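Architecture and fold: a report
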Amino acid sequence: MARAGLTVERLVTAAAELADEAGFDKLSVSALARRFGVKDASLYSHVRNLQDLRTRLALYAGGELIDRIAEAVAGRSGKDALTAYAGAYRDYALAHPGRYAATQIRVDQALIADSPALRRTAEITYGMLRAYGLDEPDLTDAVRLLRSTFHGYCVLESAGGFGADRDVRASWDKAVDALHLALEHWPRERTR
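Residues numbered from 1 in each chain as written. Predicted model: local features only at pLDDT ≥ 70, side-chain atom pairs only at ≥ 80, totals over all residues. Heavy atoms only, no water.

1. Observations concerning unusual backbone geometry
Cis geometry is found at the peptide bond from glutamate 136 to proline 137, where omega equals 5°. Inspection of the secondary structure puts proline 137 in the loop between α7 (116-130) and α8 (138-158). (Helix = DSSP H or I, 4+ residues; strand = E, 2+ residues; numbered from the N terminus.)

Now the structure itself:
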């Protein structure tokens, strides 16, 4: 019997809020149960364990992130799409640090295949990169370059890791410009 109106959806939404407030690493079943004023055991009829909760949060946050990116890149291509994509990514990472951290955990590939949001992430990202004339294996390499650059920048910025007087946004814009140039002049892998 569900107590306090608990559902998986309510738990995941509350977990997202808690992760943003306290940090993804502080997310626990006990902390979530306290938020609802129930005992930990009440949550286990909705989530199997902490890993299940974190995985559900990762999929939820990934869906939110790609929704924002999709809205930003709609009708754009090339540098305009890349700039919009990068901006939506950064805005989400900075506004929702706990949710963003959840998107970085390793999720079982079978769950990814079953997730419409994560399939959409691949479609939008690869679609944006195809405008640069990229095909596999270059697409995968370019995705890894973008993800590692965006992630590294956002993590450093969130932690206050940029101490120089230069405006952080100006450096971000310069990094996106550099990525655009790299994508335009991509060293394509020769097919055999």
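2. Points about the packing of aromatic side chains
A full pass over the atoms with the stated rule returns six aromatic pairs. Look at tyrosine 85 and phenylalanine 150: their rings are 6.1 Å apart centre to centre, the planes differ by 35°, and that puts the pair in the tilted class. Linking tyrosine 85 in helix α4 (residues 78-95) with phenylalanine 150 in helix α8, this pair joins segments that are 65 residues apart in sequence. Accessibility classification places tyrosine 85 together with phenylalanine 150 in one group, the buried group. Ring geometry for tyrosine 89 and phenylalanine 150: centres 5.3 Å apart, planes at 50°, overall tilted. With tyrosine 89 in helix α4 and phenylalanine 150 in helix α8, this pair connects stretches of sequence that are 61 residues apart. Here the aromatic residues Tyr85, Tyr89, Tyr100, Phe150, Tyr153, Phe162 and Trp172 are joined through ring pairs into a cluster of three or more. (Phe/Tyr/Trp six-rings, centres within 6.5 Å; stacked < 30°, edge-to-face > 60°. Buried < 20%, exposed > 50% of the residue type's maximum accessible area, 1.4 Å probe, protein only.)

3. Section: the packing of helix α1 (residues 8-22) against helix α3 (residues 50-73)
Close contact between α1 and α3 brings their axes to 9 Å; oriented N to C, the two are set at 80°. On the basis of their axis angle, the class for α1 and α3 is roughly perpendicular. Residues Val8, Val12, Thr13, Ala15, Ala16 and Ala19 of α1 form the contact with α3, whose own contacting residues are Leu53, Arg56, Leu57 and Tyr60. Looking at side-chain class alone, the contact of α1 with α3 contains eight nonpolar, one polar and one charged residues. (Axes fitted to C-alpha atoms, helices over the stretch in contact; angles between N-to-C directions. Parallel < 35°, antiparallel > 145°, perpendicular 65-115°, else oblique. Contact = heavy atoms within 4.5 Å. Nonpolar A, V, L, I, M, F, W, Y, C, P; charged D, E, K, R; others polar.)

4. Considering the environment of valine 176
Relative to the helices and strands, valine 176 is located in helix α9 (residues 168-184). Taking the relative accessible area as the measure of exposure, valine 176 reaches 4% and is therefore buried. Between the C-alpha atoms of valine 176 and glycine 87, which are 89 residues apart in sequence, the distance is 9.2 Å.

5. Things to note about the environment of threonine 83
Mapped onto the elements of the fold, threonine 83 is located in helix α4. Classification of threonine 83 as partly exposed rests on a relative accessible area of 37%. Between the C-alpha atom of threonine 83 and that of leucine 179, which follows or precedes it by 96 residues, the distance is 9.7 Å.

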